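Structure at a glance
Here is how the chains run, residue by residue.
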Amino acid sequence: MASSSSSSSSSPLLFFLITSLSLLVATLRLPQIAAADSSPCSFPAIFNFGDSNSDTGGLSAAFGPAPPPNGETFFGMPVGRYCDGRLVIDFIANSLGLPFLNAYLDSIGTNFSHGANFATAGSTIRRQNTTLFQSGYSPFSLDVQSWQFSQFISRSQLASQKGGVFKDLLPANETFSQALYTFDIGQNDLTSGYFSGQTTEEVIAYIPDLMDKFTSIVKDIYWLGGRYFWIHSTGPLGCLAYVLERVPTIAAKKDEAGCGATFNDVAKIYNMKLKETVAQLRKDLPLAAFTYVDVYTAKYELFLHAKKYGFEHPLVACCGHGGEYNHDVGCGGKMVVNNTEVLVGKSCEEPSKSICWDGVHYTEAGNKIVFDQIAAGALSDPPVPIRMACMPK
């Protein structure tokens with residue numbers, strides 16, 4: 001579907017490596033891996049790459065804001081997140097003592113001294129070669145996000161040399177080799193195949209290509225200074241209303257949680273390949289620390305044992321209107337009634353009792369439980385907590 005990114009990415013990367021050689025030299029002189037002791041890592045920043053599961057305002061900045069009632073639970077207003085409140089990446093930042101990440105694409109009131117978020121809703125590992133308005137998928141695929149990151153390094157260092165407010169709002173040179181690099185992407189690559197009419201076998205067949213592209217991009221970021229990588233698996237997409245409703249024939253086969261079994265099986269295959277890819281990256285880049293995080297298990301646990309966590313109707317969206325999953329009209333959606341446009345995609349009364357916010361994304365309550373499950377390292381390979389993710393493996 002999407003062509004290889006290797007040839008198109010080499011030119012801007014080469015340009016950056018030539019023009020910013022001093023940065024790389026400085027980076028390589030720094031300690032690459034923290035000593036294997038009990039002291040937690042001191043990450044001065046996070047650089048995040050991904051899709052809507054970790055988008056803190058990128059798509060809103062580029063194409064218009066996420067509408068109300070998004071953001072209502074924690075922020076009291078829409079803040080670019082497709083959620084009623086905080087995302088897993090927000091809880092990660094908070095746990096490391098860092099402020100929430102500003103979206104790289106957001107030019108208003110941004111502070112990048114503690115990192116930047118390159119994720120945008122609808123992003124994929126490989127390019128979809130369609131517009132957002134045609135397919136719903138973002139033009140900011142993972143390779144584009146990596147190019148943005150390379151520009152961010154060179155331009156932020158030039159700007160910070162001016163001093164004053166620029167120096168306060170941009171990361172120091174050494175930050176790039178000391179930061180945590182987080183990835184949460186892949187869900188949209190799987191759904192795009194199904195939504196374009198491909199069979200399960202065809203979707204599975206292009207997973208190796210996704211891994212090749214992911215590997216290439218991670219290596220690009222490594223050569224730009226990244227050393228500590230925290231990589232999320234994809235979640236159980238067969239438990240999400242937008243998948244269950246859009247491909248009902250395949251969704252008919254249910255698993256023990258009532259989710260679409262075939263979709264979840266494909267997600268498991270993707271995650272198995274991703275884990276193998278991370279293991280190979282460890283071998284290829286021994287100076288880096290890689291942590292694979294089994295987010296699938298953390299998310300599926302919510303659906304499998306919903307009552308245990310106080311959730312009701314686990315597959316039903318909190319925000320939306322109509323249909324089996326409250327998803328016929330999306331969150332914030334409107335309808336014309338008696339020649340008047342009326343908001344019908346409203347929030348449920350108690351979002352904290354719902355796993356799914358809008359049939360695509362998780363509620364803040366769901367995200368918090370997912371974070372609690374992954375933060376201590378029980379679902380990680382190797383089993384290290386996020387505060388120790390700089391340790392040698």
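See the structure shown above.
Given the structure is predicted, the values throughout are model-derived calculations rather than measurements.

**Re the nonpolar core**
Core analysis: the biggest nonpolar cluster contains 100 residues, and Phe47, Phe149, Tyr181, Phe183 and Phe229 have the highest contact counts within it. Looking at this core, the element that brings in the most residues is helix H11 (residues 207-223), giving eight residues. In this view, phenylalanine 149 contacts Phe47, Phe49, Phe118, Phe176, Tyr181, Ile221 and Leu224; residues no more than four positions away in its chain are not counted. Membership of the second largest hydrophobic core comes to five residues, among which are Leu59, Tyr82, Ala121 and Leu132.

**A look at the state of the cysteines**
Under the criterion given, the structure shown has four disulfides. Looking at the protein, its bonded cysteines, counted consecutively from the start of the sequence, adopt the pairing 1-8, 2-3, 4-7, 5-6. Just so you know, cysteine 83 is unpaired, no disulfide at all, and the nearest cysteine sulfur is the one on cysteine 331, 9.8 Å from it. For cysteine 83, a relative accessible area of 0% gives the class buried. Here cysteine 356 stays unpaired: no disulfide links it, and the sulfur of cysteine 239, its closest cysteine neighbor, is 7.8 Å away.

**Quick look at helix H14 (residues 261-284)**
Taking 1.5 Å of rise per residue, the 24 residues of H14 would be expected to cover 34 Å, and the 35 Å separating its terminal C-alpha atoms lies within 8% of that figure. Among all positions in H14, only Ala261, Thr262, Phe263, Asn264, Val266, Ala267, Tyr270, Asn271, Leu274, Thr277, Val278 and Leu281 are buried.

**Some details on the environment of phenylalanine 118**
You can see phenylalanine 118 is positioned in the loop between strand S2 (115-117) and helix H5 (132-135). Under the relative-accessibility criterion, phenylalanine 118 is labelled buried at 1%. Sequence separation between phenylalanine 118 and glycine 57 is 61 residues; the distance between their C-alpha atoms is 9.4 Å. Discounting chain neighbours no more than four positions away, the residues touching phenylalanine 118 are Phe47, Asn48, Phe49, Tyr104, Gln145, Gln148, Phe149 and Phe152.

**Brief notes about the packing of aromatic side chains**
Tallying each qualifying case throughout the model produces 31 aromatic pairs. With a centroid separation of 5.2 Å and 10° between ring planes, the pair formed by phenylalanine 49 and phenylalanine 118 is classed as stacked. Remark: phenylalanine 118 occurs in the loop between S2 and H5 and phenylalanine 49 occurs in strand S1 (residues 46-50); sequence separation between them is 69 residues. Taken together, a centroid distance of 5.9 Å and an interplanar angle of 15° make the contact between tyrosine 296 and tyrosine 300 stacked. Taken together, the residues span about one helical turn, with tyrosine 296 and tyrosine 300 both in helix H15 (residues 295-304) at a distance of four residues. Note on accessibility: tyrosine 296 and tyrosine 300 belong to one class, buried. Here the basic side chain of arginine 126 rests over the ring of tyrosine 206, its NZ or CZ set 4.0 Å away from the ring centre. We note arginine 246 situated over the ring of phenylalanine 195; from NZ or CZ to the ring centre the distance is 4.1 Å.

**Let's talk about a nonpolar patch on the surface**
A cluster of nonpolar side chains, namely Val165, Phe166 and Leu169, defines an oily patch on the protein surface of about 240 Å² accessible area. Looking at the secondary structure, you find leucine 169 in helix H7 (residues 165-169).

**Topic: the pairing of strand S7 (residues 340-343)**
As judged from the four bridges shared by strand S6 (residues 334-337) and S7, these two strands associate in the antiparallel manner. Residue valine 337 lies in a different strand from S7, and its bridge partner there is threonine 340. In this structure, the hairpin formed by S6 and S7 is closed by a connection of two residues, where asparagine 338 is found at a positive phi of approximately 55°.

**Here's the deal with the pattern of salt bridges**
Counted by the stated rule, this structure contains eleven salt bridges. A salt bridge links lysine 273 to glutamate 276; the shortest N-O distance between them is 3.9 Å. Here glutamate 276 and lysine 273 lie together in helix H14, a separation of three residues that amounts to about one turn. Judged by its relative accessible area of 31%, lysine 273 is partly exposed. Take glutamate 276: its relative accessible area is 43%, and that puts it in the partly exposed class. Between lysine 353 and glutamate 350 there is a salt bridge whose closest N-O contact spans 3.2 Å. Its relative accessible area of 28% is what places lysine 353 among the partly exposed residues.

**As for the pairing of strand S3 (residues 180-184)**
Of all the five residues making up S3, five are buried; the element is thus mostly covered by neighbouring parts of the structure. Judged by which residues are buried, S3 turns out to be covered on both faces: Leu180, Thr182 and Asp184 on one side and Tyr181 and Phe183 on the other are all buried. In terms of strand pairing, S1 meets S3 through five bridges, oriented parallel. Following the sheet pairing, phenylalanine 47 is matched in S3 by tyrosine 181. Two strands pair when backbone bridges link them, and S3 and strand S4 (residues 228-232) are joined in this way by four bridges, in the parallel orientation. Looking at S4, one finds that phenylalanine 183 is bridged to isoleucine 231.

About the cut-offs
- Residues numbered from 1 in each chain as written.
- Predicted model: local features only at pLDDT ≥ 70, side-chain atom pairs only at ≥ 80, totals over all residues.
- Heavy atoms only, no water.
- Core = buried A, V, L, I, M, F, W, Y, C linked by side-chain atoms within 4.5 Å.
- Buried < 20%, exposed > 50% of the residue type's maximum accessible area, 1.4 Å probe, protein only.
- Helix = DSSP H or I, 4+ residues; strand = E, 2+ residues; numbered from the N terminus.
- Contact = heavy atoms within 4.5 Å.
- Disulfide = S-S within 2.5 Å.
- Expected span 1.5 Å × (residues − 1).
- Phe/Tyr/Trp six-rings, centres within 6.5 Å; stacked < 30°, edge-to-face > 60°.
- Lys NZ or Arg CZ within 6 Å of the ring centre and 35° of its normal.
- Patch = residues over 30% accessible without salt bridge, like charges linked within 9 Å, V, L, I, M, F, W, Y side chains within 5 Å.
- Areas by Shrake-Rupley, 256 points an atom, 1.4 Å probe, with all protein chains shown as cover.
- Salt bridge = Lys/Arg side-chain N within 4 Å of Asp/Glu carboxyl O.
- Pairing = 2+ DSSP bridges.

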